[in-house]
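Per-entry structural report
Here is what each chain is made of, one letter per residue.
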Amino acid sequence: MRSASKAELEMPEELAIRIEDLSIKYKINVDTKRTLKNAVMRASKGEKVRMRVVEAVKHLTLDVPHGSVLGIVGANGAGKSTLMRAIAGILPPTEGRITVNGKISTLLALGVGFNPALSGRDNIILGGLASGMTRNEIEEKTEEIADFAALPDGFIDMPVRTYSSGMYGRVAFSVAVNMTPDILLLDEALSAGDASFKEKSFNRMRELCAEARTIVIVSHALQTVNDLCDTAIWMNKGTMLAKGKPEAIVDQYLKFLDVGALPSAFEDM
Amino acid sequence: MPTPRENFAPRIQVFAPHKASLPPLGPYLREFWRRRAFAIELSRFADKAEYLDSKLGKVWLVMNPLLLAMVYFLLVTVIRGSASKTSGLSTLAHILIELFTFYFASNCINGGALSITAGGRLILNQAFPRALLPLSSTISAFWQFLPTIPVYIFVVIIGKVFFPHTEIPGLGFNYLWAPFIILCVGMTGFGLALIFATMNVYFRDTNKLLSYMTRIWLYSSPVLWRPEILHGWQKIFLYVNPLGPTLSATSSVWISGKSPTLYELLGCLFWAIFAILIGGYFFVSRERDFAVRI
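Analysis parameters
Residues numbered from 1 in each chain as written. Chains lettered and ligands numbered in written order. Predicted model: local features only at pLDDT ≥ 70, side-chain atom pairs only at ≥ 80, totals over all residues. Heavy atoms only, no water. Salt bridge = Lys/Arg side-chain N within 4 Å of Asp/Glu carboxyl O. Buried < 20%, exposed > 50% of the residue type's maximum accessible area, 1.4 Å probe, protein only. Helix = DSSP H or I, 4+ residues; strand = E, 2+ residues; numbered from the N terminus. pLDDT = per-residue confidence, 0-100. Contact = heavy atoms within 4.5 Å. Pairing = 2+ DSSP bridges. Axes fitted to C-alpha atoms, helices over the stretch in contact; angles between N-to-C directions.

Under the defined criterion, the tally for this structure stands at 16 salt bridges over all chains. Among the salt bridges present, the one from A:Glu211 reaches A:Arg213, with a minimum N-O distance of 2.8 Å. For A:Arg213, a relative accessible area of 8% gives the class buried. The shortest N-O distance in the salt bridge between B:Arg34 and B:Glu31 comes to 3.0 Å. Of the two residues, B:Arg34 and B:Glu31 are both situated in helix H2 (residues 25-34); the distance of three residues between them amounts to about one turn of the helix. What makes B:Arg34 partly exposed here is its relative accessible area of 40%.

See below:
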């Protein structure tokens, strides 16, 4: 992460995210066990480490305006999560550039590093600090976040290990959406909770959009993409194949998958 | 309805490939400093989580090195033969304070080495300077070390009541050096934690190796033996050891009742700065890889 130079600040005001010719490649170790012992054994035999280069995102260019909801669809391994992590500044680009205007809140891997021995309230504080809020800011928001998660009585002060997976997901989601982010990145995070919580989540996201905040959603639940997003992109093997209205993109994607409009493709899994 | 410009505290961030292996250090260090509260709270909460169900948990943090010191004291006095009561107390005091100090450094390193692999989900979900995780382990190690000082003072006071002619000094200005030495131990421990945390991402058995290394390091450091037994060229062994000068300075302050020598002070400072620079370079130049390798 770095602060922008004057030249870089020339990003148009209406844009929240600008992605320019972005490529992300990384090397992965093919060996199953990455240990010093194996490394020494390999070196003694004169064997080289077997590495594979993964091209997760290839030459992607995209602008996301403030106040919009962008949906990203694509099969497994399409590069969606890698792209989200790059926008969040977690993975560095190999080529190209990402410019982000605003405070980012993420929910990219369910759990967000919650400590299961700590209470939900403690994890809310820790989650807020991890996302860059100050202690005072997070303390002011704790009640609001706890209320939004709507856990059964007393659960917010119980260890997270006693939570059901739905309760766990609700707290994680509440932390992410209540950080007053300018840009909210959600990767498969909308399946948390029951129908009532889902409706509440959707409403909260609509509120965020009304406040001109930006949301990027990765989801295999295509109905969610249709309902929430005003633009969608379809990614396949690291390349953006199409961009447009969600319904049109979802149709193209389903034709590509050759599954038709199966109910399972539209539901949260 | 609020307009975008009203709502946003404009904060433009640019993510681009780094030309050199290091990210731009200015913004990195500023962000590191801005988020220091996260490291402090993470350490506090990790501590809370670890000892939540154990009322004696924190007592064991002190009891463990204390009992170990007793065992080492018995071994040293048995091997060395019968010591007088006054030098016996001095030996016990030396082993205590050195073992507590050594444990502070080794806890920084052992906790720090696991901090990145243990914080995998946090790393995959949030962008923050990763060095905050080993820093949090160093802070935890410091909070664990702090109660050992009153324990040491208590043991020495009791010892002095029973053996008033013991060689251990009373109050003096030499103790003003103690915070500096503790800071140097913390910095050295943090620097080495950065190295082993990085290694542990690439080689997951690093922490196993570390447990053997720590034991060898303990025996080769002036914990069970007094630094004064080294003379002339032998002192090289003291100064090539990252904890050698700090442990020797600790002995000077707490046992000999003197200020540390200039060589000891320079040695402390050298290893503290060197460990931070080398560890920092090794860690920060590779931390972009962590999200891929975890």
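With that out of the way, let us pick up the confidence of the model for chain B. Residues and elements named next belong to chain B. Scored by pLDDT, chain B has a mean of 87; 92% of the residues are at 70 or more. Here residues 1-10 is a poorly scored stretch, pLDDT under 50, and it has 20 contacts once near neighbours within four places are set aside; other chains count. Confidence metrics for the complex model read pTM 0.87 and ipTM 0.83.

What follows covers the sheet that holds strand S4 (residues 69-73) of chain A. All names here are of chain A. A sheet is described by the order of its strands in space; here six strands give the open sequence S6-S7-S8-S4-S9-S10, paired in mixed fashion. The strands lining the two open edges of the sheet, one partner per strand, are strand S6 (104-107) and strand S10 (239-244). Ignoring which end each strand starts from, the neighbouring axes of this sheet average 15° apart. Of the strand pairs in this sheet, S6 and strand S7 (residues 183-187) are connected by four bridges, and their pairing is parallel. Across the sheet, residue Thr106 finds its bridge partner in S7, namely Leu185. Most of the contacts of helix H2 (residues 80-87) go to S7, to which it runs at about 155°, and overall it touches S4, S6, S7, strand S8 (214-218) and strand S9 (231-236). The sheet contacts of helix H8 (residues 246-257) involve S4, S9 and S10, and relative to S9 the element is tilted by about 20°.

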